[in-house]
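Listed below, chain by chain, are the residues.
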There are 2 protein chains.
Amino acid sequence: MRRIRIRTAYDGTNYCGFQIQPGMPTVEGELNRALSELTHEDINIIGASRTDSGVHALCNVAVFDTESRIPADRLSLAISPFLPGDIRVTEADEVSGEWHPRKQACIKTYEYFISCGSFEDPMTRLYSAFSKRDLNIEKMHKAAEYLIGEHDFTSFANPSSQVLMDGGSAVRTIYSIEIEKKKKGYLEGLSEVRIAVTGNGFLYNMVRIIAGTLISVGNGLWKPERVKDALLAKDRTKAGPTAEAKGLRLSRIEYTGKEK
Amino acid sequence: MRRIRIRTAYDGTNYCGFQIQPGMPTVEGELNRALSELTHEDINIIGASRTDSGVHALCNVAVFDTESRIPADRLSLAISPFLPGDIRVTEADEVSGEWHPRKQACIKTYEYFISCGSFEDPMTRLYSAFSKRDLNIEKMHKAAEYLIGEHDFTSFANPSSQVLMDGGSAVRTIYSIEIEKKKKGYLEGLSEVRIAVTGNGFLYNMVRIIAGTLISVGNGLWKPERVKDALLAKDRTKAGPTAEAKGLRLSRIEYTGKEK
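Quick summary incoming for the structure in this document.

What counts and what doesn't
- Residues numbered from 1 in each chain as written.
- Chains lettered and ligands numbered in written order.
- Predicted model: local features only at pLDDT ≥ 70, side-chain atom pairs only at ≥ 80, totals over all residues.
- Heavy atoms only, no water.
- Least-squares fit on C-alpha atoms with pLDDT ≥ 70 in both.
- Contact = heavy atoms within 4.5 Å.
- Buried area = accessible area lost by both parts, 1.4 Å probe.
- Salt bridge = Lys/Arg side-chain N within 4 Å of Asp/Glu carboxyl O.
- Polar contact = N/O pair within 3.5 Å; in protein donor to acceptor, adjacent residues only side chain to side chain.
- Helix = DSSP H or I, 4+ residues; strand = E, 2+ residues; numbered from the N terminus.
- Buried < 20%, exposed > 50% of the residue type's maximum accessible area, 1.4 Å probe, protein only.
- Pairing = 2+ DSSP bridges.

1. Details of the relation of the copies chain B and chain A
- The two copies are related by a screw operation: chain B maps onto chain A through 180 degrees of rotation and 0.0 Å of translation along the axis, at an RMSD of 0.0 Å. Taken together, the turn and the small shift mark the pair as related by a two-fold rotation axis. Closest approach to the rotation axis among the C-alpha atoms of chain B is made by Thr124(B), whose C-alpha sits 5.0 Å away.
- Here 100% of the contact residues of chain B are again contact residues in chain A; the copies associate through an equivalent surface.

So, in structure tokens, the structure goes:
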């Protein structure tokens, strides 16, 4: 038996999230079906990140066990005809039987995109949130600084998070939050804001709540300092709204420990 | 009666082209419906460019006549709730009753995008064609030079073009063809090629046939010089294939004559 690790990129628009749910279109369900058809085995992958309904990914990681002899470096190509166009396996390699994508130390980067202007750009509407108000990047930077480092992120987690309900820790480390704005050259008056959050782990909805809070700062509803108070309160009701799923993508997972 | 000119941006994925067709989803049909609902009149727009099924636009132009008193500069905002998310009116102004978007001299730019790599990027699959082979930009540049200037583009037009069937001229002027390639930073091994064609008018499928021909050069199937022969032959069968609709977008229309 071999354990194969895959990296997958997907457009989450048409899926009820990554995690398999009976009778619903999910990324995990499509990958299981496609890998089972390819290998003629009953494949059940284990995913690194259970992205929400409508959230995208450039590099989600998963593993599966197989008796198949297909070389790992051929898998990306071989699986394509079995997958819908909005899911691709971008890389594959063989790992040890103990390697588990949720039990290894890793650094994850999520990106959040916001399209700003008087109308929503039809060409990016599936991959960005929309703000009619322009966003003040300097204020967002200032607010984001309060979140950098090791903190209890209870205020920035959905209270129905399984980890929190099980009494687990809400302490996580955010290494960096990049925020940048650029004009969309092709449509006058429109700009795009990108927020990239890198950390050692994220609670349920954490990046979307961070994005929603930073948007509240950027559009002037919140003062940057309020983010500090929100963090210290350890109370979800003190942070900003959960930003739309469609603006979020899981962009990078880097395993920092022994890889195989 | 006032004549209003609008500029529209749309994701053409879900439409059977711009031009209205009974019982089919079209951009023109949606705009007529939305404008009629907004003004409580029976609005029938006249469009500048009848983009094909699946083709996108950032700036297609259209006009309509109305008794409504809505200020033109409020139209973009007012119409949004009546339109699906994949169509937006980006600008509007008032023009004289004689101004017709297909009867004025103009310069149009179309862009064609090709995603290159071992797999098709799920995040751009609706807006780019796909090439497994890498494209040689230098050879494409050389081939494109044969097309610059005033030529008879019979070889680069769909023979069922109404203009040609009516005995009209296939002579058009291409002012420039830009071709550039950049790496997609977010997915290793993938790159994107952009072809931007600017001219004073285009025959049916002309940009897609130019793109398909330049792709044939870029991927090594054709020598650049063959494009010269194809052009001189005035025979559609001598040019390359018609590239996929989804990679094409109408990016700019600039009216060069008296504007209003």
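2. Quick notes on the interface of chain B and chain A
- Between chain B and chain A, the contact holds 26 residues from the first and 26 residues from the second.
- The largest per-residue losses of area from chain B upon contact with chain A belong to Leu58(B), Phe119(B) and Met123(B), which jointly make up 28% of the total buried on that side.
- On the surface where chain B and chain A come into contact, there are three salt bridges.
- Of the charged contacts in the structure, one is a salt bridge between Arg125(B) and Asp11(A), with a shortest N-O distance of 2.9 Å.
- Across the contact surface, chain B and chain A share two residue pairs in polar contact (both at pLDDT 80 or more).
- Every element with two or more residues in the side of chain B that touches chain A is listed here: strand E1 (2–10), strand E3 (56–66), helix H2 (72–79) and strand E4 (87–95) of chain B.
- With four residues, the single largest contributor to the side of chain B that touches chain A is E4(B).

3. A word on the side chain of Thr173(B)
All names here are of chain B.
- Tracing the backbone through its elements, the reader meets Thr173 in strand E8 (residues 171–183).
- By relative accessible area, Thr173 is classed as buried at 14%.
- Apart from residues no more than four positions distant in its own chain, Thr173 is found in contact with Gly149, Glu150, Gly199 and Asn200.

4. Focus on the pairing of strand E9 (residues 191–199) of chain A
Residues and elements named next belong to chain A.
- Of all nine residues in E9, nine are buried; the element is thus mostly enclosed.
- Along E9, one buried face is formed by Ser191, Val193, Ile195, Val197 and Gly199 and the opposite face, lined by Glu192, Arg194, Ala196 and Thr198, is buried too.
- Pairing geometry for strand E5 (residues 106–116) and E9, over nine bridges, is antiparallel. The residue bridging Cys116 from the neighbouring strand is Ser191, located in E9.
- Relative to E9, strand E8 (residues 171–183) runs antiparallel, the two being bridged by nine bridges. Residue Ser176 lies in a different strand from E9, and its bridge partner there is Thr198.

5. Topic: the pattern of salt bridges
- Applying the stated criterion to the full structure yields 31 salt bridges over all chains.
- Of the charged contacts in the structure, one is a salt bridge between Glu37(A) and Arg33(A), with a shortest N-O distance of 3.2 Å. Here the residue Glu37(A) and the residue Arg33(A) both occupy positions in helix H1 (residues 27–39), the gap between them amounting to four residues, near one helical turn.
- Overall, Glu37(A) belongs to the partly exposed group, its relative accessible area being 37%.
- Relative accessible area serves as the criterion here: at 30%, Arg33(A) is assigned to the partly exposed category.
- Note that Arg194(B) is salt-bridged to Glu178(B), the shortest N-O span being 3.1 Å. Linking Arg194(B) in strand E9 (residues 191–199) with Glu178(B) in strand E8, this pair joins segments that are 16 residues apart in sequence.

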